[in-house]
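Next come the chains, spelled out residue by residue.
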Amino acid sequence: MADEYLWWTEIKIKYDLLLEEGKLLPVIYRNVVSIAAISNRSPDWMLRFIKQYISLLPSEHRYTHEAFAYGLYYYRNKEFKQSIQSFLKAQAKDEPIFNAIIRRDRKST
């Protein structure tokens, strides 16, 4: 199922359908990076996605989502010290479910 989600995301990217009004929804960014990490997508693929789309998030969501994405990237790349440092930077005050995900990922590293 994860591979299908990423395949569908790549189709949307190819046909320029991933963005809404020139922005990427934070939940889509989070989902893509999270699924890439758990489905063993290459760290290079993850890094390209992180760098390509971080600037397209609404500005109020960038810092936290970038820290979260890099936490997953470093975890996938087996750089655990950097992973935990990135997770510690991520704070999603207005999103309790996202905070729970950050705490869960922080504990798994």
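Calculation rules
- Residues numbered from 1 in each chain as written.
- Predicted model: local features only at pLDDT ≥ 70, side-chain atom pairs only at ≥ 80, totals over all residues.
- Heavy atoms only, no water.
- Core = buried A, V, L, I, M, F, W, Y, C linked by side-chain atoms within 4.5 Å.
- Buried < 20%, exposed > 50% of the residue type's maximum accessible area, 1.4 Å probe, protein only.
- Helix = DSSP H or I, 4+ residues; strand = E, 2+ residues; numbered from the N terminus.
- Contact = heavy atoms within 4.5 Å.
- Salt bridge = Lys/Arg side-chain N within 4 Å of Asp/Glu carboxyl O.
- Expected span 1.5 Å × (residues − 1).
- Bend = angle between axes of the 7 residues up to and from the residue.

**Here's the deal with the nonpolar core**
Ranked by size, the top nonpolar core spans 26 residues in total, and within it Leu24, Tyr29, Val33, Met46 and Phe49 carry the most contacts. For this core, the elements supplying multiple residues, two or more each, are helix H2 (26–38), helix H3 (43–53) and helix H4 (59–76). Looking at this core, the element that brings in the most residues is H2, giving 7 residues. For Val33, the contacting residues outside a window of four places in its chain are Met46, Phe49, Ile50, Ala69 and Leu72.

**Examining H3**
Because each turn of an α-helix spans 3.6 residues, side chains separated by three or four positions in sequence point in the same direction. Buried within H3 are the following residues: Pro43, Trp45, Met46, Leu47, Phe49, Ile50 and Tyr53. Next to the buried residues of H3 lie helix H1 (2–14), H2 and H4.

**Observations regarding the pattern of salt bridges**
Under the criterion given, the structure shown has 1 salt bridge. Of the charged contacts in the structure, one is a salt bridge between Glu10 and Arg41, with a shortest N-O distance of 3.0 Å. With Glu10 in helix H1 and Arg41 in the loop between H2 and H3, this residue pair connects regions lying 31 residues apart in the sequence. Assessed through its relative accessible area of 32%, Glu10 is described here as partly exposed. Judged by relative accessible area, which is 19%, Arg41 ranks as buried.

**Side note on H4**
Between its terminal C-alpha atoms H4 stretches 26 Å, which fits the 26 Å expected from 18 residues at 1.5 Å a residue. Remark: the principal bend of H4, roughly 30 degrees, maps to His65. Residues of H4 that are buried: Thr64, His65, Ala67, Phe68, Ala69, Tyr70, Gly71, Leu72, Tyr73 and Arg76. Following H4 by one or two positions, Lys78 has its phi on the positive side, about 60 degrees.

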